[in-house]
Amino acid sequence: SGGVGIGTNSPAATLHINGDVMATSIRWPARTNYLSVAPAAFHPADHNASLWDYENFGSKLEAGSDCSFVAPLVLPHGAVVRKLTWSALSRTGADPVQMWLMRTTVTGDTEASMASLLFVGESGTKSTATIANATVDNMQFAYFLELNIAWSSFSMFPNIIYSVLIEYTTSGPD
C-alpha cells in the first residue's frame, strides 16, 4: 500500500503506528482558516439603535445618534489573525462607518483595537492585513467586532452589513 507500519503489517496510512508514540516535538503545517461573522451576530451596544434582517441580504442598521454595534467572536487559542474583510452598503454620506477587531482583557478592564476598516459614504468590500497583537490568547483576552456609526440624520437611509470575514492561521491537529 506504500505505507509504513510500526506494530502492524497492514498500514492504513502513510505512517501507521499501532501503539503509544513518544516524541520531543511534533510539527504541524500552518493552515489557513476563516471565521465568517453573520450580520445577525451584531447587536446594539446602546439603546438608540436597531438592527434587523434586510431582505435576506444582510442586516440593516439604524440609529438616532452616534451608536455602536458589537458581535462576539470565538477564535481558536493560538491562532494568528491575518486579515479582516468587511462588505457593506454605507448610506451615511460624509459620515464615517467604522469597524474594529477588538480584544478586551477577560476582566473587561482594558480594550485594544487589533485592526480597523472605514467606509465613508461608499459601498463595497474592504480588507486590511495590518493586525496588531495578531496571536489569539483566550486565557487573557476575549475578542469581538465593534461597528460605530457617526450620525447626522441618516435614519431614512440605513447602513447594511453584508458580511465580515476573519482569516487566520493555525498550526496543530484538526
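Residue positions are counted from 1 within each chain, in the order its sequence is given. The predicted nature of this model means local features are confined to residues of pLDDT at least 70 and side-chain atom pairs, given and counted, to a pLDDT of 80 or more, with totals for whole chains, interfaces and linings taken over all residues. Calculated side-chain values reflect all of the structure's heavy atoms, with hydrogen atoms and water omitted.

Trainee: Can you tell me about the overall build of the chain, naming the residues and giving the values?
Mentor: Counting from the N terminus, the helices are the DSSP runs of H or I reaching at least four residues and the strands are the DSSP runs of E reaching at least two. Across its full length, the chain carries 0 helices and 13 strands. Scanning the chain from its N terminus toward the C terminus, one meets helices and strands in the order β-β-β-β-β-β-β-β-β-β-β-β-β. Each residue is assigned to one of three classes by its accessible area relative to the maximum for its type, calculated with a 1.4 Å probe on protein chains only: buried under 20%, partly exposed between the two thresholds, exposed over 50%. Looking at the chain as a whole, 39% of its 174 residues are labelled buried.

Trainee: Describe the pairing of strand β9 (residues 96-105), and please don't skip the residues or the numbers.
Mentor: When you tally the buried positions in β9, you get 7 out of 10 residues, the bulk of the element. Should DSSP find at least two bridges between two strands, the strands are taken to pair. Pairing between β9 and strand β10 (residues 111-120): 9 bridges, direction antiparallel. By the bridge assignment, P96 is partnered in β10 with V120. Taking the residues between adjacent antiparallel strands as the criterion, β9 and β10 are bridged by 5 residues, where G108 takes a positive phi near 80°. Two elements, β9 and strand β12 (residues 141-149), share 9 bridges in a ladder whose sense is antiparallel. Looking at β12, one finds that Q98 is bridged to N148.

Trainee: Can you break down unusual backbone geometry residue by residue, with the values?
Mentor: Positive phi, normally seen in glycine, also occurs at N133, with a value near 50°. One can find N133 in the loop between β11 (123-128) and β12.

Trainee: Go over the confidence of the model for the chain, please, and point to the residues and values.
Mentor: Looking at any residue, its pLDDT shows the predictor's confidence there, from 0 to 100. Across the chain, the average pLDDT comes to 82, with 77% of residues at 70 or higher. Any two residues whose heavy atoms approach within 4.5 Å are treated as being in contact. For the stretch residues 153-157, pLDDT sits under 50, and the model shows 8 contacts to residues farther than four places along the chain or on other chains.

Trainee: Could you give an account of the sheet that holds β9, with specific residues and numbers?
Mentor: Judged by pairing direction, the sheet is antiparallel, and its 5 strands sit side by side in the order β4-β7-β12-β9-β10 without closing on themselves. The open sheet is flanked by β4 (43-44) and β10, the only strands paired with a single partner.

Trainee: Tell me what's going on with the environment of G172, and back it up with residues and numbers.
Mentor: Relative to the assigned elements, G172 resides in the segment after β13 (159-170). Note on G172: relative accessible area 11%, which makes it buried. Between the alpha carbons of G172 and I26 there is a distance of 9.0 Å; along the sequence they are 146 residues apart. Excluding residues within four positions of it along the chain, G172 makes contact with W28 and R31.

Trainee: Before we move on, could you go through the side chain of T104 and cite the residues and values that matter?
Mentor: Here T104 lies in strand β9. Taking the relative accessible area as the measure of exposure, T104 reaches 12% and is therefore buried. Only 3.1 Å separates the side chain of T104 from the backbone oxygen of T110, close enough to count as a polar contact. In this structure, T104 is in contact with T110, E111, Q140, F141, A142 and F144, ignoring residues within four places of it in sequence. Polar contacts, as counted here, are pairs of nitrogen or oxygen atoms within 3.5 Å of one another; within protein the pair requires one atom able to donate a hydrogen and one able to accept it, and residues that are adjacent in sequence qualify only if both atoms are side-chain atoms.

Trainee: Any details on the nonpolar core? Residues and values, ideally.
Mentor: Definition of nonpolar core: a set of buried residues of the types Ala, Val, Leu, Ile, Met, Phe, Trp, Tyr and Cys, connected through side-chain atoms within 4.5 Å. Core analysis: the biggest nonpolar cluster contains 32 residues, and F42, W86, L101, L145, V164 and I166 have the highest contact counts within it. Mapped by element, the contributors of at least two residues to this core are β7 (67-73), β8 (80-89), β9, β10, β12 and β13. If we ignore the near neighbours within four places in the chain, the residues touching I166 are N33, Y34, L35, V37, L73, L75, V81, K83, L84, L101 and L145.

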